[in-house]
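A structural walkthrough
Listed here are the chains, written in short residue letters.
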Amino acid sequence: MSDMALDVGALSKRFTLHLRGGVSFPVLEDAALVLRPGECVALTGPSGAGKSTLMRCIAGNYGADSGHIRLRHRGAMVDLVTADARLMREIRAESLGHVSQFLRVIPRVPALEVVAEPLRLRGVPRAEAEAQAAALLARLNLPERLHGLPPATFSGGEQQRVNIARGFVAHYPLMLLDEPTASLDPANREVVIALIAEAKARGAAILGIFHDSEVRARVADRLHEVRPLEDAA
Amino acid sequence: MTDPGYNFAYLDEATKRMIRRALLKAIAIPGHQIPFGAREMPLPYGWGTGGIQVTASILGPDDTLKVIDQGADDTTNAVSIRRFFHRVAGVQVTTRTAEATIIQTRHRIPERPLTEGQVMVFQVPMPEPLFKLEPRLAETRRLHALGDYSLAQVKLYEDIARQGEGGSAYSHPVMVNHRYLMSPSPIPGFDNPKLHMSPALMLFGAGREKKIYAVPPYTSVVSLDFDDHPFRPVRAPHACAACGSTTSYLDEIVTDDRGGRMFVCSDTDHCAENQMARKAAE
Amino acid sequence: MSPILEGQNLALRFVAVRALDDVSLALWPGEVVAIVGESGSGKSTLLRVLAGLAAPQAGRVLYHDADGAAQDVHALREAERRTLMRRDWGFVHQNARDGLRMGVSAGGNIGERLMAAGGRHYGNIRTAAAEWMARVEMDPARMDEAPRNFSGGMQQRLQIARCLVTRPRLVFMDEPTGGLDVSVQARLLDLIRSLVAELGLAVLFVTHDIAAARLLAHRIVVMRHGRIVEEGLADRVLDDPQHPYTQLLVASVLAA
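As a starting point, this report considers the structure included with it. Treat the numbers as computed from the prediction; the structure is a model and nothing was measured. (Residues numbered from 1 in each chain as written. Chains lettered and ligands numbered in written order. Predicted model: local features only at pLDDT ≥ 70, side-chain atom pairs only at ≥ 80, totals over all residues. Heavy atoms only, no water.)

Let us now look at the packing of aromatic side chains. Taken as a whole, this structure holds 13 aromatic pairs over all chains when the rule is applied. Ring geometry for Phe84(B) and Phe85(B): centres 5.1 Å apart, planes at 75°, overall edge-to-face. The same class applies to Phe84(B) as to Phe85(B), namely buried. A ring pair is formed by Tyr157(B) and Tyr122(C), whose centres lie 5.2 Å apart and whose planes are at 45°; its orientation type is tilted. Separated into two different chains, Tyr157(B) in helix α5 (residues 150-163) and Tyr122(C) in helix α5 (residues 122-135) make up a pair that spans both. By the burial criterion, Tyr157(B) is buried, and Tyr122(C) matches it. (Phe/Tyr/Trp six-rings, centres within 6.5 Å; stacked < 30°, edge-to-face > 60°. Buried < 20%, exposed > 50% of the residue type's maximum accessible area, 1.4 Å probe, protein only. Helix = DSSP H or I, 4+ residues; strand = E, 2+ residues; numbered from the N terminus.)

So, in structure tokens, the structure goes:
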């Protein structure tokens, strides 16, 4: 189907802990999910059901054992399960945005550069990338005096806003949001909701985990339940 | 005249042939160091054993030999070497540059322009121009083979950075025939230009290091430099106190212990010629 | 596009030890790859073989130059290999003594590669040296000082400036932060990270520091007993390690 933004099917993921005598347990079995451009789907299910694992498999952070994760990249549907590191890096730069729960802080790099980096990777000139980054940080109410400082010293909420800005600054056709509003105050939560709405309006597909049921109700077009494997079986 | 206890020019004929082979090879590859089996000589290393062996190997009965040390014919070293060859080869000796067919030297090239057929023999303490920069001889050989002389350029850079203009006053390295980097032996930089396209044959002998190298007549010899710091031969900005020359290389002579000093030509023959010419003119 | 460097079926034995056992690895332009593993895993040997410093007993190393021509690194004549190493490549050693001339000033150290490339303008060489000292966060006013006057971290930065001044396409680093204090390491890693991104360099580096690998590398290669046991996206190898040895490596770091 040509109008899919994301097509996950028959996806299995199992963890084998060699340090604990090779104990092995499945987290995803035969998982399936489809996203269309412009829609936002919220993953639901009890904690431990595998929502994060599914999300991280799609992000490429975890490697799936079997099945497919197809997404649109450079005009074609590309399977992430078999993509090599180089293709994955290209996809992350151009086609797949990811706002993780926590910002992986890079020492000594100012917030503005952290946020501008996705644009820089796409070849946007520094001045323009940083102007866009500054505008987005301002919209997320991060005071300008913090823009030049490394986020390592920021509070949890400030770091999360840097993380969100980094995810939204470049316009990806597919975005993964893992608890984007968890540590935000009501005003900033509204900004994030607006950013999601704008992304949808320009045709981006969004897959998110939102524990805040109010946020979820406002942004999600559809819920997708991830069931723990015992229940599913 | 020749001391009958010695072979002509001291060295046995086999040794001379060995050295001549090394010389021929050296002339064929201008600036390239050729190893040779240096012999024990009846004087200590550092007194010119390399130069003496080269001279002994090329000397013929008809040659006229001049020996200078720092430009002077009358220093102990020059006198004893001249006397040595007079005794073991019976050749004519001279102090006149114009008359000499072979000039063995330590630290100078005569002021009077050399002519075709003359041979300069340099006494060389350290033949390797990269010696102070790269202590491993195997590596310096490789650098020569590859023509990789950035190290020498680095040394020059360091000299300019530390001492400003001028750099090394002695042993300023030269590129021979656009190929090999060569130490001109410890001659002053002032003499470097005399090597370039000289009509005379230049032979270099290093006894302790057992190396011979050469610059054939009419060969390009260019002092290493930077585009914005071109090599400039320097001399003391004075006139010779004895002959009045303002173009020759001068030695500074301390005349007392109160800071008194005078500058005279380092080339004693040249100075004497100048003085004679001046007297004749008067 | 083709890889910038390819090691194909490399093998090397030291008496009874297999230092490299049929190792193949490709590095792409602009890619930063970390080779991790414990001492004796063969990671440094692999780096040396790929960098042309040690010859493999089997297999070959191909370098694709800027014109797209493939060169068999170990089949090159020595003059060609040396030219390649100081024009297209850089090598940052763990010990600054191996990568710097300790008797030559900082400016001379940086300038050497320019002079080797034919630079004969003293003023331009000094300007470039000063510029690169500033870029590696050193005071250009100290360019006439010898490396021994500088701290370990500064010596490493000087080594990096010396490598990068000729704008190489490919840089090898052997434990570039090894032996440095933790705070100094962080600063150096960050400097390397920003320079690499800015210049679009391909970098192959060896480290036993997993944090350094995570920070710098796009891709991680895990070596053990002379073989590559796992490789992939840096974050995936560290967050979802598959091989028992990788799991041990990652667990050991987290426990520390």
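Having seen the model, we can carry on.
Interchain contacts are distributed over two pairs of chains, and the most extensive set of them lies between chains B and C. Across all C-alpha pairs, the smallest distance from chain A to chain B is 35 Å, and the two are not in contact. (Contact = heavy atoms within 4.5 Å.)

All right, on to the interface of chain B and chain C then. Contact residues are listed per partner, giving 21 residues for chain B and 21 residues for chain C. Regarding the contact of chain B and chain C, the summed buried area is about 1,800 Å², with carbon and sulfur atoms giving 57% of it. Considering only the side of chain B, the residues that lose the most area to chain C are Leu146(B), Val154(B) and Tyr157(B), jointly responsible for 30% of the buried surface there. Summed over the shared surface of chain B and chain C, the number is three salt bridges. Measuring nitrogen to oxygen at the nearest pair gives 3.2 Å for the salt bridge that ties Arg82(C) to Glu139(B). Where chain B packs against chain C, one counts 10 residue pairs in polar contact (both at pLDDT 80 or more). Secondary structure elements with two or more residues in the side of chain B that touches chain C: α4 (137-146) and α5 of chain B. (Buried area = accessible area lost by both parts, 1.4 Å probe. Salt bridge = Lys/Arg side-chain N within 4 Å of Asp/Glu carboxyl O. Polar contact = N/O pair within 3.5 Å; in protein donor to acceptor, adjacent residues only side chain to side chain.)

Time to look at the side chain of Arg219(C). Within the secondary structure, Arg219(C) is located in strand β9 (residues 219-224). Side chain to side chain, Arg219(C) and Glu31(C) meet in a polar contact 2.7 Å long.

This paragraph deals with the pairing of strand β3 (residues 40-44) of chain A. Residue and element names in this part refer to chain A. Here β3 lies mainly inside the structure; five of its five residues are buried. Neither face of β3 is open: one carries Cys-40, Ala-42 and Thr-44, the other Val-41 and Leu-43, and all of them are buried. Relative to strand β8 (residues 205-209), β3 runs parallel, the two being bridged by three bridges. Counted as the bridge partner of Ala-42 is Gly-208 from β8. Pairing geometry for β3 and strand β9 (residues 222-225), over four bridges, is parallel. For Val-41, the partnering residue across the bridge sits in β9 and is Arg-222. (Pairing = 2+ DSSP bridges.)

A separate point is the sheet that holds strand β7 (residues 174-178) of chain A. Residue and element names in this part refer to chain A. Strand order in this open sheet of five strands is β6-β7-β8-β3-β9, and the pairing throughout is parallel. Strands at the two margins of the open sheet, each flanked by one partner only, are β6 (96-99) and β9. The mean angle between the axes of side-by-side strands here comes to 20°, regardless of whether they run parallel or antiparallel. (Axes fitted to C-alpha atoms, helices over the stretch in contact; angles between N-to-C directions.)

The next thing to look at is the side chain of Gln159(C). Residues and elements named next belong to chain C. Note on placement: Gln-159 falls in helix α6 (residues 152-164). The class for Gln-159 is buried, based on a relative accessible area of 1%. Excluding residues that lie within four positions of it along the chain, Gln-159 makes contacts with Phe-91, Val-92, His-93, Asn-95, Ala-96, Gly-99 and Leu-100.

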